[in-house]
Amino acid sequence: MLSREEELLLENEETKDCMKIIVALAKVFNAEKLVKISSAHISGVSYDNIGDEGLEWLKSIKGKVVVPTTLNPAGMDLERWKEMGIGEEFYKKQMEIIEVFKNLGVQITLTCTPYYIQKPKFGEHLAWAESSAVVYANSVFGARTNRESGISALASAITGRTPYYGLHIKENRAPTVVVKAKGDLSLVGYKAGLELPGEIPYFIFERKPSMDELKLLSASIAASGNVAMFHAEGITPECKDFEKPEEVVEIDGKIEKGCEAELVAIGCPHCSKEELEEILKLIAGRKVKKELWIFTSRKVAEESKEVVEKLEKLGAKVFRDTCMVVSPATEKFNCVMVNSGKALEYLPKKRKLEVSFGDLKACVENAVR
Ligand code: F3S
């Protein structure tokens, strides 16, 4: 199964531990071979998620990544952690984790939108963890990745290989059910995940969705339904390569009300430039009256400097490097309003928070009310 070059990776002191992980996974999934990857994206970065045991394991990894490798959000804004209410001890541990990744050659991007850093190409093999980015890469760009764990993505980054199975193989990418979607796409994804877990839906939309809507759909369907790919009619590069499934279901992403929010949190997945501009437009010069936390990557924030400054002047807080789910900072609130089906799924489980859902406009209106 292994090429000579891959056998050498098993012998090399620096790569052998990671190569053993890849070979073990290949056995588990009956992969006939390994395939070279173009990039890796690693999750499991927040100290809150991985703790001291995770940090110790990371320290045991030798070598350097051999492909461009990006990193998911951490548990805090690296500069404004005090403002978020993060303690000194957490800060130190988080920085230690980041230092370990830096030494391995990983880019300290701290975002779940690695495709804003480097767009994957059609047909490229990737080893990405972060389920929202996996769905987006497969479904929007036509790149090929399974849902990796933080551990397997790092092992792939060090060896440059991933087992060839699942969504790396064309036939496994065929749609399994047609979904006629109406209403808010983040909620459509959330409901589709619950109703059709593990499927590959073929979405037919009422109108052409924006890239940001597809991003929210990717995140919510991955979170509630363990989905790794969908086809979006007219968008997914491969959607014409397969027969349309016979089974058809309709899913309506109706907006539902929830609790009375003390915090409005936007940016799951991390906001794009366009979303930041849209939020500013929706605020329309009014003062933000409650906590409005917006999450984005440091790169996008830098590219949108003026917009970010205006948002902050109006009273919003634009945090980088982290998010409402992976940071413990949101735990001081009781109820949070979000426009993200993924946050709707995870905030109650992970942070024990009540969650209210609304689209972007409703979230902004709540914050300025
Ligand atoms: Fe990203 Fe955090 Fe949501 S990592 S997809 S903003 S839960």
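Residues numbered from 1 in each chain as written. Predicted model: local features only at pLDDT ≥ 70, side-chain atom pairs only at ≥ 80, totals over all residues. Heavy atoms only, no water.

1. As for the sheet that holds strand β2 (residues 39-42)
Inclusion rule: At least two DSSP bridges between two strands are needed for those strands to be called paired. In DSSP terms, a helix is any run of H or I states spanning at least four residues, a strand is any run of E spanning at least two, and both are numbered starting from the N terminus. Angles here are taken between N-to-C directions and fall from 0 to 180 degrees, while the axes themselves are lines fitted to C-alpha atoms, restricted in helices to the stretch in contact.
Read across the open sheet, the three strands follow the order β3-β2-β4; overall the sheet is parallel. Of all the strands in the sheet, the pair left with one neighbour each is β3 (69-71) and β4 (126-128). Strand-to-strand, the axes of this sheet are offset by a mean angle of 10 degrees, without reference to chain direction. Across three bridges, the pairing between β2 and β3 is parallel. From the neighbouring strand, Ile42 faces β3, where its bridge partner is Leu71.

2. Let's talk about the domain arrangement of the protein chain
The figure often quoted for interface size is the accessible area lost as the parts come together. Note the following rule: For every domain, the bounds stem from an assignment made automatically or drawn from a database. The contact criterion used throughout is that any non-hydrogen atoms of two residues lie within 4.5 Å. We define buried area as the total accessible area lost by two parts upon association, computed with a 1.4 Å probe and summed across both. Definition used for salt bridges: Asp or Glu carboxyl oxygen within 4 Å of a side-chain nitrogen of Lys or Arg.
Its domain assignment divides the protein chain into domain 1 (4-170), domain 2 (174-253) and domain 3 (263-368). Domain 1 and domain 3 are separated by 26 Å when their C-alpha centres are compared. Between domain 1 and domain 3, the residue contacts involve 26 residues of the former and 26 residues of the latter. Surface buried jointly by domain 1 and domain 3 totals about 2,000 Å² across both partners, of which 52% is contributed by carbon and sulfur atoms. Of all residues in domain 1, the largest losses of buried area upon contact with domain 3 belong to Arg80, Met84 and Tyr116, amounting jointly to 30% of the total for that side. Measuring nitrogen to oxygen at the nearest pair gives 3.3 Å for the salt bridge that ties Glu79 to Arg298.

3. Observations regarding the site of the ligand
Keep this limit in mind: One heavy atom within 4 Å of a molecule or strand makes the whole residue count as near it.
Taken together, the residues surrounding the ligand are Pro73, Cys112, Glu130, Ser132, Gly267, Cys268, Pro269, Cys323, Val325 and Lys342. Looking at the shell around the ligand, the element that brings in the most residues is strand β10 (residues 263-271), giving three residues. A domain split of the shell around the ligand shows at least three residues from each of domain 1 (4-170) and domain 3 (263-368).

4. Details of the sheet that holds strand β6 (residues 177-183)
Strands sit in the order β8-β7-β6-β9 across an open sheet of four strands; the sheet is parallel. Each edge of the open sheet is held by one strand with a lone partner, namely β8 (231-232) and β9 (248-253). Bridge count for β6 against strand β7 (residues 201-205) is five bridges, and the pairing is parallel. Within β7, the residue paired with Lys180 across the bridge is Ile204. Docked against the sheet, helix α7 (residues 185-195) engages β6, β7 and β9, running at close to 135 degrees with respect to β9. Helix-sheet contacts for helix α8 (residues 211-225) involve β7 and β8, and the interaxial angle to β7 is about 145 degrees.

5. Remarks on the environment of Thr69
Note the cut-off: Polar contact is defined as a pair of N or O atoms within 3.5 Å, subject to the rule that within protein one atom must be able to donate a hydrogen and the other to accept it, and that residues adjacent in sequence are counted only when both atoms are side-chain atoms.
Structurally, Thr69 can be placed in strand β3. For the pair Thr69 and Phe141, spaced 72 residues apart in sequence, the C-alpha to C-alpha distance is 18 Å. What Thr69 contacts, discounting residues up to four positions off in sequence, is Ala40, Ile42, Val106, Gln107 and Ala157. Here the side chain of Thr69 touches Val67 through a polar contact of 2.8 Å, landing on its backbone oxygen.

6. Details of the nonpolar core
How we decide: In these notes, a set of buried Ala, Val, Leu, Ile, Met, Phe, Trp, Tyr and Cys residues joined through side-chain atoms within 4.5 Å is what counts as a nonpolar core. Each residue gets one of three labels from its accessible area relative to the maximum for its type: buried under 20%, exposed over 50%, partly exposed in between, using a 1.4 Å probe on protein chains only.
In this structure, Phe101, Trp293, Phe295, Met324, Val336, Val338 and Leu347 are the most contacted members of the largest nonpolar core, which totals 65 residues. Residues from two domains meet in this core; each of domain 1 (4-170) and domain 3 (263-368) gives at least three. In contact with Val336, other than residues within four places in its own chain, are Ala261, Leu263, Ala265, Leu347, Leu353, Glu354, Val355 and Ser356. Counting 34 residues, the second-largest nonpolar core is a separate cluster that includes Tyr136, Ala222, Phe230 and Ala232.

7. Points about helix α13 (residues 360-368)
All of the buried residues along α13 are Leu360, Cys363, Val364, Asn366, Ala367 and Val368. Buried-residue contacts for α13 involve β10, α9 (273-283), β11 (291-296) and β13 (335-338).

8. Structural notes on the pairing of β10
The condition that has to hold: Seen with the strands pointing away from the viewer, any crossover whose path from the first strand over the helix to the second strand runs clockwise is right-handed.
Most of β10 is tucked away: nine of the nine residues are buried. Looking at chain direction, β10 and β11 are connected through five bridges and run parallel. In the sheet register, Leu263 faces β11, and the bridge partner there is Glu291. Read from β10 through α9 to β11, the crossover connection turns out right-handed. In terms of strand pairing, β10 meets β13 through three bridges, oriented parallel. Residue pairing in the sheet places Val264 in a bridge with Met337 of β13.

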